Amino acid sequence: MIKKNAPAIIVTGIILILAAAVIGLLFYIKNLAPQTRGIQPLVEVALMEPDSSKWGQNFPNQYATYLMTATNNTRTTYGGSEPFSKLEADPRLLTLFGGYSFSIEYNEERGHANALTDVRAIARVNETTPGTCYSCKSSNNPSLWDEMGMAAYDATLFSELGAHITNPIGCANCHDAETMALVVTNPALEAGLEAQGLDWTTFSRQQMRTVVCANCHVEYYFEGDGKFLTFPWANGTNIDNIADYYEEDGFTDWTHPDSGTAMVKMQHPEYEMYTSDSTHYMAGVACADCHMPYTRDGSAKFSSHNVMSPLLNAEAACGACHTDVEYVTGRVAVIQALSYKTLIATEDALVSCIEAIKAAKAAGASDAALAEARALHREAQLRWDFVAAENSMGFHNPEEVLRTLALATDMARQAEISAMQAMP
Ligand code: HEC
Ligand code: HEC
Ligand code: HEC
Ligand code: HEC
């Protein structure tokens, strides 16, 4: 019986194995990024080629959409691509950043292709500015870091390094030219992840669609005299972890001239804010889902490289997951308006706290008597700034934004009371 059916069993077995292989292959192809499927490169591109136009010959759709970031100039209520002055929009910032370069010029950010022009034009840059400031502005970086090492790069002055920096942000900041896979290109990001026991080479494709933005959209500081680019992530990446890190490290960006407080300035912590348990992050949504949605051009389907405010492109950016796009963009308006109102209330509390410490100092209060008020001022302002310097006006993580601002306002008011009590 068994013997008689053996050939049939073998044939069935082979058919099943072949079917499994075909299904497996189809799944594999489906999971490949759309435009890398079976496309033969037209030109060879060096591994860390800084010139995006060379990559563009192989991938014209991604290149054409990337180029659009140069000319976007539409403003949204709280964001968009028009480089308006944040200082004119909100003069409280002049008090909060008193004595620091951000009170000289501080503008709304624009598209990736403008990064180099904009960093060179900003009045905050001077003869002493370290080269580290180029770290998130140019596609020359991956090859420069590879050739000279990041320590030497960071120790070079901005004015000297400039000769080697010829391209704005481009393909080499996010992709490996050989495989077109997304990669961590910034050694400081690799180190920041390692400090938490994480290894990006084990991350899934969906994780990489968020982590690749953390090459730049993060809080960082310059460690030591060599201005070594460092992410303050050893304790974790939410604002309380970061505040603890700076407390232990004793790092200071500048001393506030009115209050005498040793301050920390926050820089665009989009990655940290978004990944602090936001609704979208916990649901597995990546930065690229909203900021680089799939687009069609004829039969080609590709990720739009026209990275910008999703509100200017909501059908594509939100419509892939939400059926009622008008409703969800309406929610953005409500969340942003509430976040803005709460942010301003925190600023008012901070301005009062600075004035109270200044008055106590003028009346002769000692440094010892003002120590508690200053410690609270530092902690309050870096929390406020974590929200203010984050570019979504609350949308990336509404709950965390309101929690952080509530804490910051409370600390600022406590600082004010402490300063009043320190009056001789
Ligand atoms: C669920 C969709 C969504 C996800 C996911 C998302 N964002 Fe956003 N992002 C938005 C919206 C909406 C805004 C607000 C835009 C505005 O106010 O015009 C925004 C604003 C921004 C801005 C400022 C844009 C501007 O026009 O000023 C930056 C920068 C940014 N996001 C980066 C990121 C990064 C980096 C990540 C991942 C860590 C991320 N976003 C994840 C929807 C998203
Ligand atoms: C800021 C980071 C970033 C930059 C800069 C960038 N890309 Fe991408 N690219 C992405 C992300 C994110 C994806 C989506 C990858 C995925 O889904 O696996 C992607 C996907 C791709 C793909 C796969 C197909 C697709 O469209 O999804 C190609 C090809 C590509 N990019 C080419 C380029 C070229 C050419 C440049 C330079 C002109 C470039 N990229 C610049 C982040 C970037
Ligand atoms: C190599 C550094 C770098 C990487 C990687 C990077 N960005 Fe940016 N991004 C910047 C800089 C710098 C600016 C501001 C440029 C300017 O104002 O000239 C910016 C601006 C933006 C803006 C505002 C654009 C506008 O028109 O207002 C958005 C949105 C944004 N980035 C999202 C992302 C997302 C999403 C990712 C990951 C897919 C990403 N970025 C990866 C450095 C980077
Ligand atoms: C990749 C899928 C995806 C994309 C793209 C996306 N969302 Fe969502 N969104 C979700 C998921 C999942 C939830 C969780 C609740 C749910 O299941 O509806 C959510 C929830 C929300 C909520 C409710 C938030 C809350 O705390 O309950 C709002 C508001 C929202 N999204 C707005 C947007 C906007 C605006 C965009 C475009 C800028 C966008 N989403 C893009 C998947 C997405």
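Since we're looking at a predicted model, the values are computed, not measured.

A.B. asks: In this structure, what is going on with the coordination of the iron atom of ligand 2? I would like to understand it.
C.D. replies: Four donors placed tetrahedrally about a metal ideally form angles of 109.5 degrees, and six donors placed octahedrally ideally form angles of 90 or 180 degrees. At 2.0 Å from the iron atom of ligand 2 lie its protein donor atoms, namely His175 (NE2) and His305 (NE2). Classification of the site at the iron atom of ligand 2 as octahedral follows from its six donor atoms and the range of 88 to 179° in their angles at the metal. Of this pair, His175 sits in the loop between helix H9 (158-161) and helix H10 (187-194) while His305 sits in the loop between strand E6 (300-303) and helix H16 (314-319), and the two are 130 residues apart along the sequence. Overall, His175 belongs to the buried group, its relative accessible area being 16%.

A.B. asks: Hey, could you run me through the site of ligand 4 in this one?
C.D. replies: Around ligand 4, the structure places 16 residues, and the nearest of them are Thr279, His280, Cys318, Cys321 and His322. One of the side-chain N or O atoms of His280 is found 2.7 Å from a nitrogen atom in ligand 4. Side-chain polar atom of His322 to a nitrogen atom of ligand 4: 2.8 Å apart, as the coordinates give it. At the level of secondary structure, the elements contributing two or more residues to the shell around ligand 4 comprise helix H14 (279-282), helix H15 (287-291), H16 and helix H17 (325-362). Looking at the shell around ligand 4, the element that brings in the most residues is H17, giving three residues. When grouped by side-chain class, the residues that make up the shell around ligand 4 number ten nonpolar, three polar and three charged.

A.B. asks: When you look at the coordination of the iron atom of ligand 4 in this model, what are you seeing that I'm missing?
C.D. replies: Bound to the iron atom of ligand 4 are the protein donor atoms His280 (NE2) and His322 (NE2), situated 1.9 to 2.0 Å from the metal. Seen from the iron atom of ligand 4, its six donor atoms lie at angles of 85 to 179°, and the figure they make is octahedral. You can see His280 sitting in helix H14 and its partner His322 sitting in the loop between H16 and H17, a full 42 residues away along the chain. Look at His280 and you get partly exposed, because its relative accessible area is 26%. In this structure His322 comes out as partly exposed when scored by relative accessible area, which is 32%.

Criteria and thresholds
- Residues numbered from 1 in each chain as written.
- Chains lettered and ligands numbered in written order.
- Predicted model: local features only at pLDDT ≥ 70, side-chain atom pairs only at ≥ 80, totals over all residues.
- Heavy atoms only, no water.
- Donors = N, O, S within 2.8 Å, 3.2 Å for Na, K, Ca; no water.
- Tetrahedral: all angles 85-135°; square planar, octahedral: opposite > 155°, others 65-115°.
- Helix = DSSP H or I, 4+ residues; strand = E, 2+ residues; numbered from the N terminus.
- Buried < 20%, exposed > 50% of the residue type's maximum accessible area, 1.4 Å probe, protein only.
- Near = heavy atom within 4 Å.
- Polar contact = N/O pair within 3.5 Å; in protein donor to acceptor, adjacent residues only side chain to side chain.
- Nonpolar A, V, L, I, M, F, W, Y, C, P; charged D, E, K, R; others polar.

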